[in-house]
Structure formats: structure tokens, C-alpha cells
Amino acid sequence: MTLPSAPHQPLTSDLGEAMEFIRNVPIFNDIETNELTKIVRVGVRKKYKKGSIILLEEETGAALFVIISGKVKIVRTDDDGREVILSILGENDFFGEMSILDGLSRSASVVAITKTELFMIHRRDFLKLMQDVPSVAISLLKELTMRLRKADSQIKSLSLKDAAGRVANVVLQLADDIGTIRKGRVEIDELPLQQDLANMAGTSRETISRVVHMFIKKGHLELQGSKLIINDYEKFKSLFV
Ligand code: CMP
């Protein structure tokens, strides 16, 4: 979850601006300027349209990506084409580290759910950076630990909770992934489609609609167009986690 930020300034080819962006990415926070310059020089900016497939499950992994702007979904699909969304990532998040670290194929597909701009760092450069700058490896481990905690909570929710609990868990996951908190209220802009929410919660679109409206009626949530608001994040969390 982020605090409200100034409107995003697109990265220009200007080195200084690119450095500023990279320095704000949590895994690169503690890097010295000379190391930062190296990353910016070896990285490549890439733009994707909404709906583009950025990575395909089972492909060989050759790079790590940092999100400059936009949002992506991390998905796995079965043989019938049904998909489950594991996570939604936004600005300053990274993905593609798993196959870089273990040398196996991509663990999931990554699809742009909005217009997206990425910063791509080749495997060889990223591995070298982790060896040269231990704080990058430590920050990466912290983020991976957080993702494991979320996955544990998803497993608990999918196996033990009723429909209301599963939908609440998805709403809380979105709040953590892409929400903005202001005075205890969390706003989730550009809420994913009902079908996407259903795939995350392991339920149907009808159930999502029914439960979200029940939460609205009880005053926990508000819907303003494609923006979902959790009126009291801590209270909502205490009721459903
Ligand atoms: P990689 O396996 O190289 O390619 C797919 C990427 O999706 C993976 O690296 C991670 O960066 C990301 N990913 C996979 N599973 C999750 C998850 N449960 N939560 C967040 N990101 C994930």
C-alpha cells in the first residue's frame, strides 16, 4: 500500500531522471550513485499496451523487470484456459526474479492490465549487482518474504474461509498491492474486472457482486465508478483476517 504521491512523471531519456526513478524503487534504495549509474546504463525501458502479455509461464527467464508506471497481473492458467490471479503489481514493484534466481522457467505469466512502462535488467547484470551490493539481495529477500506471507494468507483464505471471507481477503490483498491509504481509508483505483476478482477469490462473478454489495450495505466499502474504497481499513482487516 502506498501513501498518496505526486502524479507520475514519465521517465525521459535523461540519465538524472532515470536515476531518480530507480533510487525510489525499494530494492535499490540503498545503492550508491556509481552503482545506480551502472544499472541505469545497462537497463532498457519498454512500453506495453493494456492487455499485452509481458512474460509467458514456462518460458526461459532472461531478465528482471521494474514497473515504472502502470499495473500488471501475475497469472497462472490451466489446460482449459481458466486463470487464477496470484497478485497485482504496480509502480516500483518488480517481477521476473524467480527464474533469474533459480534458473528454471517462468513460474507464471505476466499481463499488462493498464498501459505499462517497464525497466528491464538483464539476468547477468542483476546477478552481478546482487553480488556487488548486498543491500539489493537483502531487500529482495524482504520482498520475497512478504510475498510468501501473502501467499500463505491466500492459501488460508481459499481453504478455510466462506465466500465473504474470501472476497474480503481479495479486497485486502488489492489494498496492500495497489491501494493508497489516507487517514485510515484505502482507495483502490481501477478495480480489476469482476471476473478477475472472482478468479482471485476462487468464486463466481455473481458471488463477488453479491458479497461486495453486502459489504457496501454494511458500510465497509464504497464503490465510485471503478474506484473501490475501504472506509476503515484496520476495522475491515480485523473483521476478516
Ligand atoms: P518469474 O518466475 O521469473 O516470472 C513470473 C514472475 O511472477 C515471477 O518471477 C515473480 O516475479 C512473479 N510471481 C510469481 N508468483 C508470484 C506471487 N505469488 N506474488 C507475486 N509475484 C509473483
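Residues numbered from 1 in each chain as written. Predicted model: local features only at pLDDT ≥ 70, side-chain atom pairs only at ≥ 80, totals over all residues. Heavy atoms only, no water.

### Concerning the domain arrangement of the protein
Split into domains, the protein comes out as domain 1 (8-153) and domain 2 (162-240). Distance from the C-alpha centre of domain 1 to the C-alpha centre of domain 2: 26 Å. Contact with domain 1, which involves 14 residues of that partner, is made by 12 residues of domain 2. Approximately 1000 Å² of surface area, both sides summed, lies buried where domain 1 meets domain 2, with 50% of it carried by carbon and sulfur atoms. Seen at the junction of domain 1 and domain 2, the total is 3 salt bridges. Counting the contacts that link domain 1 with domain 2 gives 4 residue pairs in polar contact (both at pLDDT 80 or more). Those elements that place two or more of their residues in the side of domain 1 that touches domain 2 are β5 (83-89) and α5 (134-160). At 7 residues, the largest contribution of residues to the side of domain 1 that touches domain 2 is made by β5. Tallied by class, residues from the side of domain 1 that touches domain 2 come to 5 nonpolar, 4 polar and 5 charged. (Domains from an automatic or database assignment. Contact = heavy atoms within 4.5 Å. Buried area = accessible area lost by both parts, 1.4 Å probe. Salt bridge = Lys/Arg side-chain N within 4 Å of Asp/Glu carboxyl O. Polar contact = N/O pair within 3.5 Å; in protein donor to acceptor, adjacent residues only side chain to side chain. Helix = DSSP H or I, 4+ residues; strand = E, 2+ residues; numbered from the N terminus. Nonpolar A, V, L, I, M, F, W, Y, C, P; charged D, E, K, R; others polar.)

### Some points on the site of the ligand
Neighbouring the ligand are 13 residues; Gly-96, Glu-97, Ser-99, Arg-106 and Ser-107 lie closest to it. Contact between the ligand and Gly-96: an oxygen atom at 2.8 Å from a main-chain N or O atom of the residue. One of the side-chain nitrogen or oxygen atoms of Ser-99 is found 2.5 Å away from an oxygen atom of the ligand. In the complex, the protein chains occlude 91% of the 460 Å² of accessible area that the ligand would expose alone. (Near = heavy atom within 4 Å. Areas by Shrake-Rupley, 256 points an atom, 1.4 Å probe, with all protein chains shown as cover.)

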